[in-house]
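Single-letter residue listing:
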Amino acid sequence: MPSHFTLRMQFGPHQDPQDVAQQLQRLVAEAPVDEIMFFYFAEEQNDGHETLGRVREWVERSRPYRAAMQRAGIQISLNPWHSLLHCDRGRTLKPGQEWQAMVDFRGNAAAAVVCPLDGNWQRYFIETLRLYAAEGFRVVWIDDDIRYHNHAPLDWGGCFCPLHVAEFNRRAGLQATREEIVRACLAPGAPHPWRAIWLDMWQETLLAFLDACRDTLAAGGAQMGLMSSSMEAHGAEGRRWEEWWATFGGDPARGGRPPVHRPHFWAYGDATGPMLIHGIAALDQNRSIQPPALETGPEIENFYYGRWNKSFRQTFAQMAVAHILGSTNLNISMYDFMGNRPDDEPERAAFLKRVRRGCAQTLIGWPMPSRWDCRAWVSACPGRRRWAGRFVPGMASRGSSCIALAEAGPIGWVRRAWRSRRMRKRASTRWPGRWCGASMTRPSSAGWRPVCCWMASPRRSWSSAGWGSGSVSMPAAGSPRTMRSIRRRNAGMRPSACV
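Description of the structure in this document. Sequence positions are assigned chain by chain, starting from 1 and proceeding in written order. Predicted model: local features are reported for residues with pLDDT of at least 70 only, side-chain atom pairs are reported and counted for 80 or more only, and whole-chain, interface and lining totals are derived from all residues. As a convention, hydrogens and water are excluded, and side-chain values are obtained from all of the structure's heavy atoms.

1. Description of the packing of helix α6 (residues 193-219) against helix α8 (residues 241-249)
Formally: Orientation is described by axes fitted as lines to C-alpha atoms, over the contacting stretch for helices, and by angles from 0 to 180 degrees between their N-to-C directions. Helix and strand assignments come from DSSP, with helices taken as H or I runs of at least 4 residues and strands as E runs of at least 2, each series counted from the N terminus. Oblique is the label for any angle not under 35 degrees, not over 145, and not in the 65 to 115 range, which are roughly parallel, roughly antiparallel and roughly perpendicular in turn. Note on convention: the crossing is left-handed when the near helix lies turned anticlockwise from the far helix by less than a right angle, right-handed when the turn is clockwise. Contacts: residue pairs with any heavy atoms within 4.5 Å of one another.
At a closest axis distance of 9 Å, the pairing of α6 and α8 adopts a crossing angle of 15°. Taken together, α6 and α8 sit at an angle that is classed as roughly parallel. The element α6 and its partner α8 pack so that their crossing is right-handed. Only Glu 243, Trp 244, Ala 246, Thr 247 and Phe 248 of α8 make contact with α6, whose side of the interface consists of Gln 203, Leu 206, Leu 207, Leu 210, Asp 211 and Arg 214.

2. Things to note about the packing of aromatic side chains
Formally: Here is the rule: rings of Phe, Tyr and Trp (six-membered ring for Trp) pair when centre to centre is within 6.5 Å. Planes less than 30 degrees apart are stacked, more than 60 are edge-to-face, and the remainder are tilted. Each residue gets one of three labels from its accessible area relative to the maximum for its type: buried under 20%, exposed over 50%, partly exposed in between, using a 1.4 Å probe on protein chains only.
The final tally for this structure, using the stated rule, is 26 aromatic pairs. Arranged with centres 6.0 Å apart and planes meeting at 50°, the rings of Phe 125 and Phe 209 form a pair that is tilted. Residue Phe 125 is located in helix α3 (residues 119-133), and its partner Phe 209 is located in helix α6; the two are separated by 84 residues in the primary sequence. Ring centres 5.1 Å apart and planes at 70° place the aromatic pair Phe 265 and Trp 266 in the edge-to-face group. Residues Phe 265 and Trp 266 agree in their burial class; the two are buried. Linked through ring pairs, Tyr 148, Trp 156, Phe 160, Phe 168, Trp 194, Trp 198 and Trp 202 together constitute an aromatic cluster.

3. A word on the pattern of salt bridges
Condition: Throughout this description, the term salt bridge denotes a Lys or Arg side-chain nitrogen within 4 Å of a carboxyl oxygen of Asp or Glu.
All told, the structure shown has 30 salt bridges when counted by the stated rule. A salt bridge links Glu 50 to Arg 54; its shortest N-O distance comes to 3.9 Å. Between Glu 347 and Arg 307 there is a salt bridge, and its shortest N-O distance comes to 4.0 Å. In this pair, Glu 347 sits in helix α11 (residues 347-360) while Arg 307 sits in the loop between β10 (299-300) and α10 (312-324), placing the two residues 40 residues apart along the sequence. Within the structure, one salt-bridge network assembled from shared partners comprises Glu 167, Arg 170, Arg 171, Asp 200, Glu 204, Arg 240 and Glu 243.

4. Considerations on unusual backbone geometry
For the bond running from Gly 158 to Cys 159, omega is 10°, close enough to zero to count as cis. With omega at 0°, the peptide bond leading from Phe 303 into Tyr 304 counts as cis. Positionally, Tyr 304 belongs in the loop between β10 and α10. Phi at Phe 41 is positive, roughly 40°, even though this residue is not glycine. Mapped onto the fold, Phe 41 is located in the loop between β2 (35-40) and α2 (52-71).

The structure is reproduced here in structure tokens:
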């Protein structure tokens, strides 16, 4: 599987566009960059919803260095940092932005986060998309704030504003108040009939607006990309994923394309072993609801930026796991959004160049099985078998015949006498929830060998564990005849979504 590196970067309109262009030209000459995802009014450079005049300034001031990147063969995409706005953080609506604020179930209103049902805000946002669509971006992303939950300072989120209450009453033929609707929707026991009406209204009104957004971007040749949050949060919203994929992919009869998705994945900084399990589970949950034809790339998070926040070792671990779990793209956050010079820390470009080979190809040349009887059993303790993992394609800097134990949480310890032909392994567990970067090492006195581990000891963090050759793979200790047998067994099986 080829690897597609997308760098996420921002340079403000106050910066000299020609100087930025020269900086980026040096960067793409040194680092393996396929695409740059530019941001507008993000993070520290955001003070709420920009006026249309200010949006035009961002577009015009970024045009010279965007054109320079396109001439250099680099694809260009855009991530306007917000739609509704993630949270207030002291911001307020600007003069002239007479929009309905988002309201939580207790009746508290935000100061800057807006209601997605407000018609004036919808017309403003579609006009911004019309400006972006004319600029030749490959993808224009709808940020993950296009959601109902997680809009501080609101309690859980919204929106229970008068516009939504009125729309609910219109659909239900009622004159209910917000308090009555909330009490019915949150009532314990069997779901109240109003709950389905409310969740249907949330989804249908939001998707109708996103349909208009997609058509606006498509008219200019850009595709609309979706950034999403955790599955459990969207589940609480009642998100119906099949309808979302249809909206973001469009109607195939009208030239629709496979959706482009940035799923939720990993923490912003260095994290300990349990985050590995969280990341694997997050991508696996997304694979369960994504369509077969999809461009998917999680964000390789790093905020606040630099290897003092997340080590290069853990960054590479995150990149490798994303590829193993079926990601086609890697959206890499290694450069700050203040517009500081990329060469302030030249080690970043050297790191990207060094790991590109390790992310560029999978090692197994046949489809991996997705049948349960061909997966691996990992023992939680001697004499007790429980399901903890399965085999998926491995990643390494050079080709070899190997299998990766990529979805087991504990460290696997594999006996020398394992039988490849039957695709089984006996294993015991050491240090639950921990892996390290070692390939097969010297066997213990009992004949067990640690494999596919990302932790060197139970007390050391990933950032201090050694990666050796950088392989995230378990060598298949079988003869060429054994490997041919595995290939024959796998022949004709439905490939796993991660291949």
